[in-house]
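# Remarks on the overall topology
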Amino acid sequence: MTAKTDMPSDFIRDIVAEDVRTGKYERIQTRFPPEPNGYLHIGHAKSICLNFGIAHEFGGICNVRMDDTNPTKEETEYVNSIMADVRWLISGWADKNIGGAPLYASDYFDRFYEYAVDLVRKCKAYVDDMSREQTDEYRRIGKESPFRNRPVEENLDLLGRMKAGEFADNTHTLRAKIDMNAPNVWLRDPVLYRIRHASHHRTGDKWCIYPMYDWAHTLSDYIEGITHSVCTLEFEVHRPLYDWILDALELPEPRPHQYEFARLNLTYSVMSKRKLIQLVNDKLVNGWDDPRMLTISGLRRRGMTASALRAFAYNIGITKYPSMTDIALLEHTVRNEFNRTATRRLAVLRPIKVELTNYPEDQVEELDAVNNPEDANAGTRKIPFSRELFIERDDFMETPPSKYVRLRPGGEVRLKYAYIIKCDEVIKDNAGKVTELRCSVDLESKSGGATSNRKVKGTIHWVSAAHAVDAEVRLYDRLFTVPEPDSASAASSGATGSAADFKSFINLHSLEVVTAKCEPSLAIAQPEERYQFERLGYFALDLDSTSEKQVWNRTITLKDTWAKEAKKEVRQPAGAIRQASYPAAETR
RNA sequence: UACCCCGUGGUGUAACGGUAACACAGCGCCCUUUGGAGGCGUUAUUCUUGGUUCGAAUCCAAGCGGGGUAGCCA
């Protein structure tokens, strides 16, 4: 219900709306330009939702364009994953707004080169023979290259020979001729082309010179008729160069314009591609689509829906302030959607056996259970009830704290959709671990029964032992133990002198695997369905599931106010210093 | 260091010169056959100092703080 349904509004959409009002462009055209050198993450999702959102709201098109101008970094595998992620994210929302996809900057290499020749002819670019180091140094001190004033014909000749492969890597560059004393370093004769004798994932060995980002990106936008080129803040200082290129080439209007917004930062996570790839390569997670990763594929596998991700992107808004968003907002968005849509089922994660001593031995009852109390149309189902059950180990305590409302020795509890039971006997093994409970049933207390309205404090979930279906359940938790793994690592490495990095804050309990007891109707669950295991959380089938064995991922727990209460009780002893070990209970 | 951008409750955002609001998080109560959901209440905000104005979160200046850039990466 907190999901806003009105049109989003932010400073970029305001600009677009104004441009629409004044008729500046025939049609609004945006683009999402990933470099195919890694998987997309939730930060990209923010950008996708913005760019496709604008296209969708203003009747325009958003191109997905691979920014593949560096042959040494890019791979086709990434192109495929990127497209799969984009299509999944916009599916059922902006499917009609995607431009024939995917597009590739590399498809424009010929035109980029023609523009470069044109720029040279206009005396606005030159071939530089300086070394990398010299180029950097001269740029820092604002000194002009000795090759800056070569005649046009010589530049043309050298550029042609660069393209023909006459020179080795790093020996020559094509540079824009702008202003070596510009306060903005990106205007100090930036490099437009560099030599790379390397095979490109699409153009193969056709080229040995490759365009730099600014040249390729600006011209790609122009070629595609992009109107609003929206990127993140780090490109802000490139904007004057973006505009310079369009001006220098004297390209006719309408021209694209660049606007920048702040990238997404989330607590308890790292976002940069560089760090995500480390987690994968160091095997701290099981691949890019590990459900603990905030990659789009990881989130999808975990059970997140595209609509929830979109709602999240909407909720966080678009600004230029470099913010740190609380991961709780993401969690809230997911719970908010799933509470309304997820089908309820009973499952016991950590079973403990219960025998109902006064319940007939061979009797099986089929009890009615509602599929979704939030959705009157979801209907009901039957669940079997019998003498031997499983309940959650956490739902019994021998010596519970004061406010505990679940089962205790001599205490009563309601079995959801069934009877009130009383714990008469606790059976333990030699180690003192509770192995079984003997309980008596109030046989009149069933829904509709004589004492069905009897109030007991607690209601717990259960599964009939004889009918239970075993399934593997993967319980995920936050991947990091500290709110800001990046800053924390910086701080601690300074203090200890050791090279502690973000990886030292990995939550070692971020994955727990259990064998759960599930109610029988869960056996026919499908991968795209979302379930709430009552009182536990939201779960979705993992792609590791087989016809023999189901594997469930816990997408997110239910909110657990008892966990907070329990922690307060533990804190009671004054002065007890408990270095907050990662509070697993909080998210369990 | 230089240049650029940004500063609104704990967090994310809104207010577009005219009563500072919404969501998350927190806290309290009610309700509950999910300690879920829901309902009610509550805590808490315009970085500082000047200026312009009848009136400033909003415009201007300076300071302070934060972020970005200074690859032949994108």
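Residues numbered from 1 in each chain as written. Chains lettered and ligands numbered in written order. Predicted model: local features only at pLDDT ≥ 70, side-chain atom pairs only at ≥ 80, totals over all residues. Heavy atoms only, no water.

Turning our eyes to something else, we now look at the pairing of strand β25 (residues 551-557). β25 sits mainly inside the fold: seven of its seven residues count as buried. One ladder, built from three bridges, connects strand β21 (residues 469-476) with β25; its direction is parallel. When the sheet's bridge partners are listed, Val473 is paired in β25 with Trp552. Bridge count for strand β24 (residues 537-541) against β25 is five bridges, and the pairing is antiparallel. Its bridge partner being in β25, Leu541 is matched across the sheet by Trp552. (Buried < 20%, exposed > 50% of the residue type's maximum accessible area, 1.4 Å probe, protein only. Helix = DSSP H or I, 4+ residues; strand = E, 2+ residues; numbered from the N terminus. Pairing = 2+ DSSP bridges.)

This next bit is on the protein's contact with RNA strand B. Taken together, 68 residues form the shell around RNA strand B, and within it Arg132, Asp136, Arg139, Gln532 and Arg535 come nearest. Within the side chain of Asp136, one N or O atom sits 2.5 Å away from a phosphate oxygen of RNA strand B. (Near = heavy atom within 4 Å. Polar contact = N/O pair within 3.5 Å; in protein donor to acceptor, adjacent residues only side chain to side chain.)

Now for the packing of helix α3 (residues 76-90) against helix α11 (residues 306-316). Interaxial distance between α3 and α11 falls to 8 Å at its minimum, and their mutual angle equals 80 degrees. One element, α3, and the other, α11, form an angle in the roughly perpendicular class. Of α11, the residues touching α3 (which contributes Trp88, Leu89 and Ile90) are Ala306, Leu309 and Arg310. Within the contact of α3 with α11, the residues separate by chemical class into five nonpolar, no polar and one charged. (Axes fitted to C-alpha atoms, helices over the stretch in contact; angles between N-to-C directions. Parallel < 35°, antiparallel > 145°, perpendicular 65-115°, else oblique. Contact = heavy atoms within 4.5 Å. Nonpolar A, V, L, I, M, F, W, Y, C, P; charged D, E, K, R; others polar.)

Okay, the confidence of the model for chain A next. Counting all residues, the mean pLDDT for chain A is 93, and 93% of those residues have values of 70 or more. Low pLDDT (under 50) marks residues 1-5, which in the prediction has eight contacts with non-local residues, meaning those over four places away or in another chain. Counted against residues more than four places away or in other chains, residues 493-499, with its pLDDT under 50, gives three contacts. Interface confidence for the predicted complex, expressed as ipTM, amounts to 0.96; the pTM equals 0.94. (pLDDT = per-residue confidence, 0-100.)

Further remarks concern the domain arrangement of chain A. Domain parsing of chain A yields domain 1 (11-102 + 215-316), domain 2 (109-213), domain 3 (347-461) and domain 4 (470-565). The straight-line distance from the C-alpha centre of domain 2 to that of domain 3 is 75 Å. (Domains from an automatic or database assignment.)

In this section: the environment of Thr515. Tracing the backbone shows Thr515 in strand β22 (residues 511-518). Separated by 14 residues in the primary sequence, Thr515 and Glu529 place their C-alpha atoms 20 Å from one another. Sequence-distant contacts of Thr515, that is, excluding residues within four places in its chain, are made with Leu349, Pro351, Asp470 and Ala471.

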